[in-house]
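Structural features, examined
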Amino acid sequence: MKVILNEDVKYLGEEGDIKDVAKGYARNYLFPRNLAVPCNSFTLAHFESRKEEIEQRKAVKRQNAAGLKEQLEALTLTIIMPAGPNGKLYGAVTNQTISDELQKLGFEIERKRIELPGLTFKSVGHYTATLKLYESAVAVLPVAVEAQPEAEKTAEAKPEKIAAAIEDAYTNDGVAL
């Protein structure tokens, strides 16, 4: 079945593209979500009249992706995580972690668009992440994973603080529970 896409659909095509898809995919997924319309003479004429507008939007998206690529490649993302003495992280740096850090810096990148070699970073070091922006625009982001300083680790788990927390849990305003 031939359809014309109303919006960009991942793994299928961009707005205005004419694609041949399975009937069930079109009826059950694309049409109910208004992602596509059937390809006939009426819809074809409608999209021909909008072709210039669609091309302008694509050009703006390409330009934004190129600008974003330059900004991201000039940036070195530093992530500080708790790690053991041998440099192995107690957790892992995932594409969600990188997406959250980029969001703190003002970049809106979906985690699905971030690819890491080996899926996660599990030790301290310097890595690269690949970010798929738009069409063929791909940014390579340098990522530095550093261990949390020892002073912060020991401050978090001071025995006095732990003892005070336990004592507070067993008493309420000096009255034993």
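1. Thoughts on the nonpolar core
In this structure, Ile 98, Leu 102 and Leu 131 are the most contacted members of the largest nonpolar core, which totals 24 residues. Only helix H3 (51–74), strand E4 (77–81), strand E5 (88–93), helix H4 (95–104), strand E8 (125–134) and strand E9 (137–147) provide two or more residues apiece to this core. Per-element accounting of this core gives the leading share, five residues, to E9. When neighbours within four sequence positions are excluded, Ile 98 is seen to be in contact with Leu 77, Ile 79, Val 93, Ile 114, Leu 116, Phe 121, Ala 129, Leu 141 and Val 143. Counting nine residues, the second-largest nonpolar core is a separate cluster that includes Val 3, Leu 12, Leu 30 and Ala 36.

2. What about the sheet that holds E4?
In space, the four strands of this open sheet follow the order E4-E9-E8-E6, with mixed pairing throughout. Two strands in the sheet have a free side with no partner beyond their single neighbour: E4 and strand E6 (114–115). Of the pairings in the sheet, the one linking E6 to E8 comprises two bridges and is antiparallel in character. The residue of E8 that forms the bridge with Glu 115 is Thr 130. Contacts from H4 reach E4, E6, E8 and E9 within the one sheet, and its direction differs from that of E4 by about 115 degrees.

3. Some details on the pattern of salt bridges
Proximity of charged atoms lets side chains of opposite charge pair with each other. All told, the structure shown has eight salt bridges when counted by the stated rule. A salt bridge links Lys 58 to Asp 17, with the shortest nitrogen-to-oxygen separation between them at 3.8 Å. Here Asp 17 lies in the loop between strand E1 (2–5) and strand E2 (18–20) and Lys 58 lies in helix H3, a separation of 41 residues in the sequence. On the accessibility criterion, Lys 58 (9% relative accessible area) is buried. Each of Glu 15, Arg 50, Glu 53 and Arg 57 takes part in one network of salt bridges that share partners.

4. Details of the sheet that holds E2
With respect to topology, three strands assemble into an open sheet ordered E2-E1-E3, the strand pairing being antiparallel. Where the open sheet ends on each side, the last strands, each with one partner, are E2 and strand E3 (36–38). On average, each strand axis in the sheet is inclined to that of its neighbour by 40 degrees, with strand direction left out of account. Direction of pairing for E1 relative to E3: antiparallel, over a ladder of three bridges. When the sheet's bridge partners are listed, Val 3 is paired in E3 with Pro 38. In the packing of helix H2 (residues 41–49) onto the sheet, contacts are made with E1, E2 and E3, and the angle to E1 comes to roughly 30 degrees.

Scoring rules and cut-offs
- Residues numbered from 1 in each chain as written.
- Predicted model: local features only at pLDDT ≥ 70, side-chain atom pairs only at ≥ 80, totals over all residues.
- Heavy atoms only, no water.
- Core = buried A, V, L, I, M, F, W, Y, C linked by side-chain atoms within 4.5 Å.
- Buried < 20%, exposed > 50% of the residue type's maximum accessible area, 1.4 Å probe, protein only.
- Helix = DSSP H or I, 4+ residues; strand = E, 2+ residues; numbered from the N terminus.
- Contact = heavy atoms within 4.5 Å.
- Pairing = 2+ DSSP bridges.
- Axes fitted to C-alpha atoms, helices over the stretch in contact; angles between N-to-C directions.
- Salt bridge = Lys/Arg side-chain N within 4 Å of Asp/Glu carboxyl O.

The values reported here are purely geometric and, on their own, carry no functional implication.
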